[in-house]
Structures are given as structure tokens and as C-alpha cells.
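Fold and contact review
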Amino acid sequence: MSTDGAAVAGDGNNARLFEQARRVIPGGVNSPVRAFRAVGGTPRFIARGDGATITDADGRRYIDYIGSWGPMILGHRHPAVQAAVHAAVDDGLSFGAPTERETLLAEAILQHVPSMEQLRFVSSGTEAAMSALRLARGATGRNVIVKFEGCYHGHADALLVKAGSGLATFGHPTSAGVPEAVVRDTLVLEYNNVAQLDEAFALHGERIACVMIEPICGNMNFVRASLPFMKRLRELTSRHGALLVFDEVMTGFRVALGGAQALYARDLPGFAPDLSVFGKVIGGGMPLAAFGGKRAVMEQLAPLGPVYQAGTLSGNPVATACGLATLQEISRPGFFEALSARTRDLASGLGEAAKGAGVAMATDSEGGMFGFFFATTLPRNYGEVMATDKDRFNRFFHAMLDRGVYLAPALYEAGFVSSAHSQADIAETVAAAAASLGGHTDR
Ligand code: PMP
């Protein structure tokens, strides 16, 4: 560990660094959930990652199930990714001019996502979702957008909206600083509710530019859009000339190589969204995201079309090198089968540990993404997620952290397994869960 003014392993460094950070950074963090506000306690300052583990400023090692909130599908410091990034750094950090790797990464992504013929790179999921929204509005000449309660699409103004008070009413800003006028055209519906979809389209169908959805929602832990719901959503959007936008920032190249849309296409022949948004895994841990769709829609973008969109660091050469090396590794035959099996082992192991302790837990997983709830059945929407046992989740989170397992610090977040997680890591995690839940057999 570095000694040049940085923390040296020992007790109290996390607390000291948090105190120091809070003086100069609001809440001590650069993204709110990192502050542990939902679960309480001191956030861990991470000094280093290695495979499936991270080590904090006190020298404590944890099995990491956050993986930078999704990107680290190969674990930390994967040798091929590290080498590609080092080589790219040696060529220069940024040029603001086209580079070959942008095209290669675009080709590598498009190859696995047949619904897209073209894409454009940006630097964050927020930017990608915001740009897709502008493109959908520009391409359709309509203003109304539909989203679902519990889905997060980054922090662009028009998407920071909570549900309106009645069925198919327009939403209210979720954040101070977002004017009512900006969200006046955003309709918020309940996830998995077909009747609400029908009513929204009956009332507003000809004004709807797009419907944006997390197909497997990782921002309310892990909730799948049901097949009947997705089928109806596709029918209604097509019939009314609205674009269906899949936000696959989390699920893209994570639940399957082709993202969640590949899974829906398997069950609903011919299924495809009109626009897709990617982030996280496609950048392998560097700031990189993308949005894409059919050529006719994408060519509405500047410099070809009237929809403006740009970025100084878009398609950054180091980020594209990182993304390319990551995609190359995860495209190897058998990669997703192995990752899925390991993730399923974790989810079922957690379920078994809970059962052994007499605690109600429902679990689910797809590819390298998983969720667990302190509830008897899997929730289907935001209201049901919020009705699960939050106090027990918070106790469990800290009990696991104390035992060296780093879970997402809020019950509405998904978990991630990487290819670096070994069977021994899973077994250690399940044993920690059994021990953590052992003291709470009140159910
Ligand atoms: N969409 C989804 C589904 C996400 O999970 C996130 C981030 N967790 C975003 C968009 C925003 O991405 P970013 O944090 O890179 O802006």
C-alpha cells in the first residue's frame, strides 16, 4: 500500500478519510449511495481491488458484490484489461478526433445486439439515456415520455420524476432543481401493470414519443418485466408510433451477451426495442456508455440530422481500449454459462442460508446479476419492493460487511458477480449469510 501521504493499513482510516472527504465533497461522496445513508455506518474507502475482492483503507479485505455497480464483470485488475489500458495510455489520453478503436468497439457491440445498426458513444449512462430521449423526441416530433416507477435512467432532469397521484397522471420532480415544466411531459406508470399501460396509451398514445424501461430492473433490486407486460408494451408502442427504449446500462452484456433484449427475443419471437442504452460493462470500468438503434433513427443525430448531441471525451481512447478488452473476454465461448451458474449458486445459497435460519427470503438472478429480498415472494413493482423487510436488510448488510462480504448498501440495489468469483468465494459468502442470519430466527 502507498505511504506517500495516503492511508496506511490500520484501524480508523475509513472514518478519518470520510471525515476529511466531507469537508470538501458534499456528504463525502461523489455519488449519493456510496455514503451508506440507507444502512448507516461509515463507508469503506477502497484502496485496491484484486479479482473478486477489494481492500479498504484499514487493510480489510471484502468479497465484492458491487463491482463498481456493474462494470467489473471480469473482477478487478483483469490482466488482459489492465494491459490494454496501459498500452492505450502510452499512446496518449485523448485527442478529440476520431480513433480506430471507437469503430472497433462499436462493431463489437453491434455484433451482439441485432436491434441496433448504429450507436454513438458518450461518457456515462446518464448522458446516454438523456441523449436517447432527445433523439426519440426529435425523431417522432412528440414530447411525452413514459417511464416506470422504480426504474432509474440516470439523473437527467426529465427522467427524475416520481409517479403522479392518480392513474396515468403526469409526474412530479423527484429532485429539487428540476422545474415542474421539465417533467410536465413525463408520465410515470407502475412496472408490470398492463392495465395502466393500456389506459396511458388510450389517453395519450398519439403524443407519446417513447417509453423507456429497465427490462430487468436493477434499481429496485431485481425485478423482471413479465413477458405479457413486455409483449403488450411492444404492441402498444408499435401501434401508436412511439419508440420503445431499452435502458440496458445495467443489464447490457451483464445478464447475457446480447443484454436483456436477447432474453425477451428468445421468448417473444421477433421482439426488439427501437433504441437501446448501454453503459457499465461496455466500458469495463472506464467512463463509457452508448445509445443506439436502427440507422434511420440514428441518422437524425448531428452532424447528419437535426438532433444535437456531442461530447469532448466521447469515445475516449483509453475507455474504448478497456471496453474492447472486456468485450473480448466475455465473448469467449462458455463465459456466460459459467458466470450464470456461479451467480445462480450464490442466489440459491443465500436462499438456503435464510431457510436454514427460518428467515423468509426470495432470490433471483440472470447472468451475472442477482437480487434477494426479505420477503416470501419476489416483488413485481416498486411498491412491493419497498414493502419488503428493510430493517432486516440493513442488519444483514452490516453483519455481512463485518464478515468480509461487501453487498450493495441499500435494499433497492442489484448485486453483481464477476468471473473472478470462485466457488470458494460463493461458499464463504453463503456461510457468512448463514452466520449473519443465525441470530434472527423470529420468523
Ligand atoms: N440507467 C441505469 C439502468 C442505471 O442503472 C444507471 C446507473 N446505475 C444509469 C442509467 C445511469 O448511469 P451513470 O451512473 O453512468 O450515469
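Heads up: the structure comes first, above all this text.
Let me sum up the structure you'll find in this document. (Residues numbered from 1 in each chain as written. Predicted model: local features only at pLDDT ≥ 70, side-chain atom pairs only at ≥ 80, totals over all residues. Heavy atoms only, no water.)

**A few points about a nonpolar patch on the surface**
Taken together, the side chains of Tyr382, Met386 and Tyr412 define a hydrophobic patch exposed on the protein surface, amounting to about 240 Å² of accessible area. With respect to the helices, strands and loops of the structure, Tyr382 is situated in helix H12 (residues 382-386). Its relative accessible area of 30% is what places Tyr382 among the partly exposed residues. (Patch = residues over 30% accessible without salt bridge, like charges linked within 9 Å, V, L, I, M, F, W, Y side chains within 5 Å. Areas by Shrake-Rupley, 256 points an atom, 1.4 Å probe, with all protein chains shown as cover. Salt bridge = Lys/Arg side-chain N within 4 Å of Asp/Glu carboxyl O. Helix = DSSP H or I, 4+ residues; strand = E, 2+ residues; numbered from the N terminus. Buried < 20%, exposed > 50% of the residue type's maximum accessible area, 1.4 Å probe, protein only.)

**As for the nonpolar core**
By size, the foremost hydrophobic cluster in this structure holds 105 residues, and its most contacted members are Ile109, Phe148, Ile213, Phe253 and Ile330. With eight residues, the single largest contributor to this core is helix H10 (residues 317-330). There are two domains that each give this core at least three residues, and those are domain 1 (13-78 + 334-437) and domain 2 (79-330). Apart from the residues lying within four places of it in its own chain, the contact partners of Phe253 are Ile73, Ile109, His112, Val113, Gly259, Phe278, Val281, Ile282, Leu327, Ile330 and Phe336. Formed by 24 residues, the second largest nonpolar core is a distinct cluster that contains Ala132, Ala158, Leu159 and Leu275. (Core = buried A, V, L, I, M, F, W, Y, C linked by side-chain atoms within 4.5 Å. Domains from an automatic or database assignment. Contact = heavy atoms within 4.5 Å.)

**Concerning helix H4 (residues 125-140)**
Counted at 1.5 Å a residue, the expected span for H4 with its 16 residues is 22 Å, and the 22 Å between its end C-alpha atoms agrees. Backbone geometry just downstream of H4 places Gly141 in the positive-phi region, at approximately 70 degrees. (Expected span 1.5 Å × (residues − 1).)

**Side note on the layout of surface pockets**
Here the largest pocket is characterised by a volume of approximately 1600 Å³. Every residue lining the largest pocket is counted, 48 residues in all, and those nearest its centre are Ser31, Tyr152, Gly154, Asn219 and Glu413. For the lining of the largest pocket, the secondary-structure elements that each account for two or more residues are H4, strand S6 (161-162) and H12. Class assignment for the residues of the lining of the largest pocket results in 23 nonpolar, 16 polar and nine charged. (1 Å grid on protein atoms, 1.4 Å probe; cavity = no way out; pocket = protein on both sides within 12 Å on 5 of 7 lines; lining within 4 Å. Points joined across faces, edges and corners; volume = space filled by probe spheres on them. Nonpolar A, V, L, I, M, F, W, Y, C, P; charged D, E, K, R; others polar.)

**What about the pattern of salt bridges?**
Where charged atoms from two side chains of opposite charge come close, those side chains can pair. Tallied over the full model, the rule gives 13 salt bridges. Lys231 is the partner of Glu235 in a salt bridge, and the nearest nitrogen-oxygen pair spans 3.5 Å. With Glu235 and Lys231 both in helix H7 (residues 227-240), this residue pair falls four residues apart, about one helical turn. Taking the shortest distance from any N to any O, the salt bridge between Arg266 and Asp267 comes out at 3.8 Å. A relative accessible area of 58% means that Arg266 is categorised as exposed.

**Quick look at the state of the cysteines**
Scanning all chains against the criterion turns up zero disulfides. Among the cysteines around Cys210, which has no disulfide bond, Cys151 carries the closest sulfur, lying 13 Å off. Cys151 provides the cysteine sulfur closest to Cys217, a residue in no disulfide bond, and the two sulfurs are 3.9 Å apart. By relative accessible area, Cys217 is classed as buried at 0%. (Disulfide = S-S within 2.5 Å.)

**Topic: empty space enclosed by the protein**
One pass over the full model with this rule turns up three cavities of 30 Å³ or more. Estimated volume of the largest cavity: approximately 80 Å³. In this structure, the largest cavity is lined by Asn221, Phe370, Gly371, Phe372, Phe393, Leu407, Ala408, Ala410, Leu411, Glu413, Ala414 and Gly415. When residues of the lining of the largest cavity are assigned to their parent elements, the largest contribution, three residues, is made by strand S16 (residues 369-373). The residue inventory of the lining of the largest cavity, partitioned by class, reads eight nonpolar, three polar and one charged. The volume enclosed by the second largest cavity comes to roughly 60 Å³. The wall of the second largest cavity is formed by Gly51, Ala52, Asp64, Gly67, Met72, Gly75, His76, Arg254, Phe416, Val417, Ser418 and His421. Residues that form the lining of the second largest cavity fall into these classes: four nonpolar, six polar and two charged.

**Some points on the packing of aromatic side chains**
We describe a pair of aromatic rings using the distance from one ring centre to the other and the angle between the two ring planes. Enumeration over the complete set of coordinates arrives at 16 aromatic pairs. Their ring planes at 50 degrees and their centres at 6.0 Å tell us that Tyr62 and Tyr406 sit as a pair that is tilted. Within this pair, whereas Tyr62 is found in strand S3 (residues 61-64), its partner Tyr406 is found in strand S17 (residues 405-406), the two being separated by 344 residues in sequence. An angle of 85 degrees between the planes, with centres 5.9 Å apart, marks the rings of Tyr65 and Phe370 as edge-to-face. Pair noted here: Tyr65 is in the loop between S3 and helix H2 (79-91) and Phe370 is in strand S16, with a separation of 305 residues, a long-range link. Each member of the pair, Tyr65 as well as Phe370, is classed as buried. Seen from the ring of Phe18, Arg22 lies directly overhead, with NZ or CZ sitting 4.3 Å from the centre. (Phe/Tyr/Trp six-rings, centres within 6.5 Å; stacked < 30°, edge-to-face > 60°. Lys NZ or Arg CZ within 6 Å of the ring centre and 35° of its normal.)

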